[in-house]
Amino acid sequence: MKQDNFYITTPIYYPSGQPHMGHAYSSIIADVFARFKRQDNYKVFFLTGTDEHGLKIQKSAEKAKLNPIDYCDQISKVFINLTKKLNLSNDDFIRTTEKRHNKSVIDLWNRLIKSGDIYLSKYKGWYSVSDEAYYNEDEIIEKDGKKISTFSGSTVEWVEEESFFFKLSAWQNKLLEFYKKNEKFIVPYSKRNEVINFVKGGLKDLSVSRTSFSWGIRVPDNNKHVIYVWLDALTNYLSALNFPNIKDKLYENFWPASLHVIGKDILRFHAIYWPAFLLAAKIEPPQRIFSHGWILSGDEKMSKSKGNILNPIEIVDTYGADQLRYYLMKEVSHGSDGSISLKNLENCINSDLANNYGNLCQRVFSFIKNNCNNKIVKTEETSNADKKLIDESNLLMKNLRNEMNNQNLNNYIKSIINISFLTNKYINDEEPWKLKKININKMNNILHLSLEQIARISLLLNPIIPETSNKVLLALNIKLSQTNLSFLDGSEILGKKVEIKNLDILFKKIN
Ligand code: ME8
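Keep in mind the model is a prediction, meaning the values are calculated, not measured.

Engineer: Honestly, the layout of surface pockets in this entry has me stumped. Any pointers?
Structural biologist: Size it by volume and the second largest pocket reaches roughly 370 Å³. At the level of elements, strand E4 (118-128), strand E5 (133-135), strand E8 (157-166), strand E10 (206-207) and helix H10 (267-280) are the ones that each hand at least two residues to the lining of the second largest pocket. When residues of the lining of the second largest pocket are assigned to their parent elements, the largest contribution, 5 residues, is made by E4.

Engineer: Which parts of the structure should I look at to understand helix H14 (residues 384-398)?
Structural biologist: Quick reminder: α-helices carry 3.6 residues per turn. Residues three or four places apart thus point the same way. Under the 1.5 Å per step criterion, the end-to-end length of H14 is 21 Å for 15 residues, consistent within 8% with the ideal 21 Å. Listed as buried for H14 are Asp386, Leu389, Ser393 and Met397. All buried residues of H14 project into a common sector of 70° when viewed along the axis, lining one side. Every exposed residue of H14 that faces more than 90 degrees away from the buried side is listed here: Asn384, Asp391, Leu395 and Lys398. Close packing links the buried residues of H14 with helix H15 (400-405), helix H16 (409-430) and helix H17 (440-461).

Engineer: Would you explain the environment of leucine 203 in this entry?
Structural biologist: Within the element layout of this structure, leucine 203 appears in the loop between helix H6 (189-200) and E10. Residue classification places leucine 203 among the buried positions, given a relative accessible area of 8%. Along the primary structure leucine 203 and alanine 233 are separated by 30 residues, whereas in three dimensions their C-alpha atoms are 21 Å apart. With near-sequence residues (within four places) excluded, leucine 203 lies in contact with Leu168, Ser169, Gln172, Leu175, Phe198 and Ile272.

Engineer: Please explain the pairing of strand E15 (residues 289-292) as it appears in this structure.
Structural biologist: Regular strands show a simple pattern: their side chains alternate between the two faces of the sheet. Burial along E15 is two-sided: the face carrying Ile289 and Ser291 and the face carrying Phe290 and His292 are both buried. With 2 bridges joining them, strand E9 (residues 186-187) and E15 adopt parallel strand pairing. Bridging across to E15, isoleucine 186 finds its partner in isoleucine 289. Examined bridge by bridge, strand E14 (residues 259-263) and E15 share 4 bridges and lie parallel to one another. Considered in E15, the bridge of histidine 260 is made with isoleucine 289. Each parallel crossover has a hand, and for E14 linked through H10 to E15 it is right-handed.

Engineer: I keep staring at the site of the ligand and nothing clicks. Help me out?
Structural biologist: Residues in contact with the ligand amount to 24 residues; listed here are only the nearest, Ile12, His23, Asp51, Asp265 and Ile295. Here the ligand has 670 Å² of accessible area as a free molecule, and 95% of this is covered by the chains. Elements represented by at least two residues in the shell around the ligand include exactly helix H1 (21-39), helix H7 (229-234), helix H8 (236-239) and E14. Classifying every residue of the shell around the ligand gives 12 nonpolar, 9 polar and 3 charged.

Engineer: Help me out: how do you make sense of the side chain of aspartate 31 in this one?
Structural biologist: If you trace the backbone, aspartate 31 turns up in helix H1. Reaching out from aspartate 31, the side chain makes a polar contact with the side chain of arginine 325 at a distance of 2.7 Å. Ignoring sequence-local partners within four residues, the contact set of aspartate 31 consists of Phe46, Asn87, Leu88, Ser89 and Arg325.

What counts, and at which threshold
- Residues numbered from 1 in each chain as written.
- Predicted model: local features only at pLDDT ≥ 70, side-chain atom pairs only at ≥ 80, totals over all residues.
- Heavy atoms only, no water.
- 1 Å grid on protein atoms, 1.4 Å probe; cavity = no way out; pocket = protein on both sides within 12 Å on 5 of 7 lines; lining within 4 Å.
- Points joined across faces, edges and corners; volume = space filled by probe spheres on them.
- Helix = DSSP H or I, 4+ residues; strand = E, 2+ residues; numbered from the N terminus.
- Expected span 1.5 Å × (residues − 1).
- Buried < 20%, exposed > 50% of the residue type's maximum accessible area, 1.4 Å probe, protein only.
- Arc of directions from axis to C-beta.
- Contact = heavy atoms within 4.5 Å.
- Pairing = 2+ DSSP bridges.
- Right-handed = clockwise from strand over helix to strand, strands pointing away.
- Near = heavy atom within 4 Å.
- Areas by Shrake-Rupley, 256 points an atom, 1.4 Å probe, with all protein chains shown as cover.
- Nonpolar A, V, L, I, M, F, W, Y, C, P; charged D, E, K, R; others polar.
- Polar contact = N/O pair within 3.5 Å; in protein donor to acceptor, adjacent residues only side chain to side chain.

Quick look at the structure:
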């Protein structure tokens with residue numbers, strides 16, 4: 001991995017049904033980090049895709065009366081469409097049914113055989129098809145005559161079959177050492193503690209193959225078995241870089257991954273199994289796992305059976321991609337669960353996007369168009385009010401890179417929207433419209449400083465609302481590809497003389 005490179009991934013989605021808001025949420029978080037890093041001069045590789053093997057998908061295909069690959073071909077397209085609808089900037093979309101992935105999984109399997117970490121035995125225990133997860137006896141309860149997992153609430157079934165096992169128990173202490181040495185491997189901290197406590201409680205060997213169904217990658221030299229879907233799926237992060245060809249430029253430049261963005265329900269797989277597989281295979285583990293909370297609807301986790309799912313594609317079609325992106329990033333507190341509703345979405349669009357940032361841009365651009373022929377030149381004089389706004393804005397900006405690098409997206413957004421609020425207030429207090437006939441220089445200075453703040457805010461909001469922010473940057477004649485984030489130290493973005501283009505309404509208010 002080169003120093004200024006950044007490899008970021010989303011979980012690859014089960015194409016077992018239509019995409020939902022949880023999928024959108026995970027993807028947008030990763031996209032925001034990817035875009036920010038690109039703006040900050042990193043070379044970024046951003047990966048997403050679909051997780052197409054295993055019993056869950058085989059059953060979904062049977063239900064749809066299709067053979068699994070035809071089913072996957074169909075549904076993976078729906079997910080590719082989601083990436084477009086959400087305006088994701090992914091550099092690749094991997095499907096685990098692709099040849100490049102198969103090759104990579106087989107290689108990883110062979111490495112684990114060679115290191116002596118895999119042995120053949122028999123699995124007897126609980127399995128959840130919907131989570132594709134094995135559960136211990138103490139993680140199961142009975143509810144309404146059904147056995148369910150206390151962790152996820154999903155139904156489990158009893159499985160008894162020949163299976164290959166990965167010697168996870170042998171990695172318990174090495175994992176604990178690894179977490180200790182890499183303090184920020186799991187963020188947020190509460191999740192790190194959860195994982196460490198689970199590992200300290202003792203790890204059992206993990207069943208890594210199944211024999212009772214066929215939809216998966218076959219174990220080399222033992223056709224009866226297919227490789228456990230999580231060992232298969234996690235490897236996507238390597239196969240997209242053309243592993244096992246470790247001389248490949250992508251692999252050389254981007255492994256180990258900088259950041260896996262995941263939901264808390266799949267933390268165990270990423271924070272325990274994945275580094276254990278990699279350490280055993282003598283491959284460097286990723287640098288960080290960021291675990292986000294769940295999206296709730298009302299107070300409940302969204303689920304189809306409860307009928308409380310908001311469809312991200314419908315929301316984008318009705319309200320717009322930037323609107324959904326902003327709402328999810330601002331309102332859902334990262335790391336914890338968050339409730340979403342249409343009412344909150346509309347309030348958020350009105351208060352932050354239409355009334356605050358949108359209004360700021362509109363009033364400044366239309367004033368300059370109507371009174372200054374779209375041209376502004378500033379003088380060297382600065383009033384106390386100018387200085388106050390500059391100081392406050394600089395202060396709010398000071399910690400932003402840090403917030404982003406620590407995945408504190410909520411703080412990041414709050415600070416930027418606060419700059420917008422303060423700039424609106426500054427314009428209200430300074431009343432440039434009263435100065436046209438009395439003090440044109442002062443009026444120009446006020447407008448110039450307002451435009452400077454708009455440039456700042458738009459560049460900083462670009463990772464979150466790229467479409468709208470690009471419109472504003474275009475009207476300011478700023479090329480995103482030619483700017484970076486060096487202005488975070490307080491330096492000016494605009495020259496002394498600024499010429500702008502007309503700007504249309506950015507966000508319609510929802511009544
Ligand atoms: O887990 N709120 O796929 P997936 C927030 N294929 N996030 C949610 C959510 C909700 N209500 N529901 C799901 C898988 N997610 C595996 C990943 S990676 C090698 C394999 C998140 O389609 C979930 O936490 O079930 C995960 O991060 C992502 O959506 C994909 O879930």
